[in-house]
Amino acid sequence: MDNEYGKISEEFITQRINWHGKHEPDATNEAYMEFRQSVERLRENLTDEQRLLLRACENAYHVTDGETERFYYKCGFRDAIRFLLHFGEDES
């Protein structure tokens, strides 16, 4: 396949993925804000020792969330590239 076409396809897909990342649905943002508010209410009612545990839990959640997003992003990007570059080819 033409290298220039492959490059253009990759750039287009990257732009689309980035656009969607910047324009997430309201429900996604609302769910995150609800999570943050719940954590803040919880933090206000915990002892200092419990706050340390909450912080560890928050950190683990954010790492998990980031890794999950990265996994699905990479899989979706790879599948889109494969589709565009090999559309119509036999995958036997």
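Residues numbered from 1 in each chain as written. Predicted model: local features only at pLDDT ≥ 70, side-chain atom pairs only at ≥ 80, totals over all residues. Heavy atoms only, no water.

Caption draft 1: Fine view of the overall build of the protein chain. Helix and strand content of the protein chain: three helices and zero strands. In sequence order, the protein chain lays out its α and β elements as α-α-α. Its C-alpha atoms give the protein chain a radius of gyration of 20 Å, clearly above 12 Å, the size a compact globule of 92 residues would have. When the accessible area of the protein chain is evaluated, it comes to approximately 7900 Å², of which 56% is carbon and sulfur surface. In the protein chain, which carries 12 positive and 20 negative side-chain charges, the distance between the mean positions of the two groups comes to 5 Å. (Helix = DSSP H or I, 4+ residues; strand = E, 2+ residues; numbered from the N terminus. Rg over C-alpha atoms; globule rule 2.2 N^0.38 Å. Areas by Shrake-Rupley, 256 points an atom, 1.4 Å probe, with all protein chains shown as cover. Lys, Arg positive; Asp, Glu negative; His and termini not counted. Charge placed at Lys NZ, Arg CZ, Asp CG, Glu CD.)

Caption draft 2: Seen up close, the side chain of Glu58. Examined against the element boundaries, Glu58 turns out to sit in helix α3 (residues 48-86). Reaching out from Glu58, the side chain makes a polar contact with the side chain of Arg36 at a distance of 2.9 Å. Ignoring any residue separated from it by four or fewer positions in sequence, one finds Glu58 in contact with Arg36, Val39 and Arg43. (Polar contact = N/O pair within 3.5 Å; in protein donor to acceptor, adjacent residues only side chain to side chain. Contact = heavy atoms within 4.5 Å.)

Caption draft 3: Region of interest: the pattern of salt bridges. Under the defined criterion, the tally for this structure stands at seven salt bridges. A salt bridge links Glu58 to Arg36; the shortest N-O distance between them is 2.9 Å. Of this pair, Glu58 sits in helix α3 while Arg36 is found in helix α2 (residues 26-44), placing the two residues 22 residues apart along the sequence. Overall, the relative accessible area of 3% leaves Glu58 in the buried class. (Salt bridge = Lys/Arg side-chain N within 4 Å of Asp/Glu carboxyl O. Buried < 20%, exposed > 50% of the residue type's maximum accessible area, 1.4 Å probe, protein only.)

Caption draft 4: Structural view of the environment of Ile13. With respect to the element layout, Ile13 can be found in helix α1 (residues 3-22). Note on Ile13: relative accessible area 8%, which makes it buried. Linking Ile13 and Phe77, residues 64 residues apart in sequence, is a C-alpha distance of 7.3 Å. Dropping the residues within four chain positions of it, Ile13 is found in contact with Phe77, Ala80, Ile81 and Leu84.

Caption draft 5: Local environment of the layout of surface pockets. Roughly 430 Å³ of volume is contained in the largest pocket. Contributing to the lining of the largest pocket are 14 residues, with His20, Gly21, Glu24, Thr28 and Glu69 lying nearest its centre. Listing elements by their share of the lining of the largest pocket, those giving two or more residues are α1, α2 and α3. Looking at which element gives the most residues to the lining of the largest pocket, the answer is α3, with five residues. (1 Å grid on protein atoms, 1.4 Å probe; cavity = no way out; pocket = protein on both sides within 12 Å on 5 of 7 lines; lining within 4 Å. Points joined across faces, edges and corners; volume = space filled by probe spheres on them.)

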